Amino acid sequence: MSYTVLSAEFFTENNTFKKGFTELRDFRADTLALGSAAIDLRGSAENTELAGFLSAAKELGWTLKHTVSATAAPAGPVSREAFEHIAGIICDAALVLRGELDGILLGLHGAQVVEFCEDGEGELLRRLREIVGPDLPIAVTLDLHANATQAMVELAQIWVSYKTYPHVDIRLTGHRAAHLLHAAMAGQAMLCVDGSASVLRLHSRRSDSERAMLMGGACAKAYGWSAKPIVEMLIP
């Protein structure tokens, strides 16, 4: 069976200590591209979520309706104008296509703060749920240090984060999220997130010399890095 999936990338990391807002001009300076233009720009890139989405869509025989790719450098909260513009593109497409959609696939960050709320990802998902209803499968990719909120957990069924820093597995993460979404759409998996527990993963496979090379040596000197085993801890 062929599925129709709406996709988007809306990726920015924000903090409230930085003066000013992340404006539309900041997205335009980095990435703000629609539909086929976004696919031309990021779809064949070595390491983007969209490249992973497209690769999986081809493998799985999907019709992928990509709406927008919007990224900006880490800075102050996203302005209301910028959020409404980009979220509006995604939600308007969902409204037009909702009768034919089998799922939604989003490349987000997990630490987006907006001028009017502290949970940009949760706000986007809330608006999408108002359009497509509570049951349509939604899969989301995140940075590995995302701030998971209760709203995020409740409003999407599938969450997949990067596992590496530097983030060399962004494309792979998008690909993995797409395959999980496919399983959910096919009724092969009933996915849920237990909001009562948090998972802490610390990955340290690299040697001191590799870390020094990757970070220019500054962090290795500042923090006295040493090789440590992988630690996985479940915190109740």
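Structure: above.
Residues numbered from 1 in each chain as written. Predicted model: local features only at pLDDT ≥ 70, side-chain atom pairs only at ≥ 80, totals over all residues. Heavy atoms only, no water.

Caption draft 1: View of the nonpolar core. In terms of nonpolar packing, the biggest core is built from 37 residues, with Phe 10, Ile 104, Leu 106 and Leu 124 touching the most fellow members. Top contributing element to this core by residue count: helix α4 (residues 80-97), with 10 residues. Apart from residues lying up to four places away in sequence, Ile 104 is in contact with Val 5, Leu 6, Leu 128, Val 132, Leu 136, Pro 137, Ile 138, Ala 139 and Leu 181. In this structure, Val 160, Ala 177, Ala 184 and Met 185 belong to the second largest nonpolar core, which totals 18 residues. (Core = buried A, V, L, I, M, F, W, Y, C linked by side-chain atoms within 4.5 Å. Buried < 20%, exposed > 50% of the residue type's maximum accessible area, 1.4 Å probe, protein only. Helix = DSSP H or I, 4+ residues; strand = E, 2+ residues; numbered from the N terminus. Contact = heavy atoms within 4.5 Å.)

Caption draft 2: Highlighting the packing of aromatic side chains. Inspection of the entire model under this criterion finds three aromatic pairs. Note on Phe 10 and Phe 83: the rings are 5.8 Å apart at their centroids and 35° apart in plane angle, and the pair reads as tilted. Linking Phe 10 in strand β1 (residues 4-11) with Phe 83 in helix α4, this pair joins segments that are 73 residues apart in sequence. Pair check on accessibility: Phe 10 and Phe 83 agree, each one buried. Members of the aromatic cluster, joined through ring pairs, are Phe 10, Phe 27, Phe 83 and Phe 116. (Phe/Tyr/Trp six-rings, centres within 6.5 Å; stacked < 30°, edge-to-face > 60°.)

Caption draft 3: Representation of the environment of Arg 126 within the structure. Along the polypeptide, Arg 126 turns up in helix α5 (residues 120-132). Taking the relative accessible area as the measure of exposure, Arg 126 reaches 34% and is therefore partly exposed. The sequence separation of Arg 126 and Ala 156 amounts to 30 residues, and the corresponding C-alpha distance is 9.5 Å.

So far we have only geometry, and geometry alone does not tell us how the molecule works.
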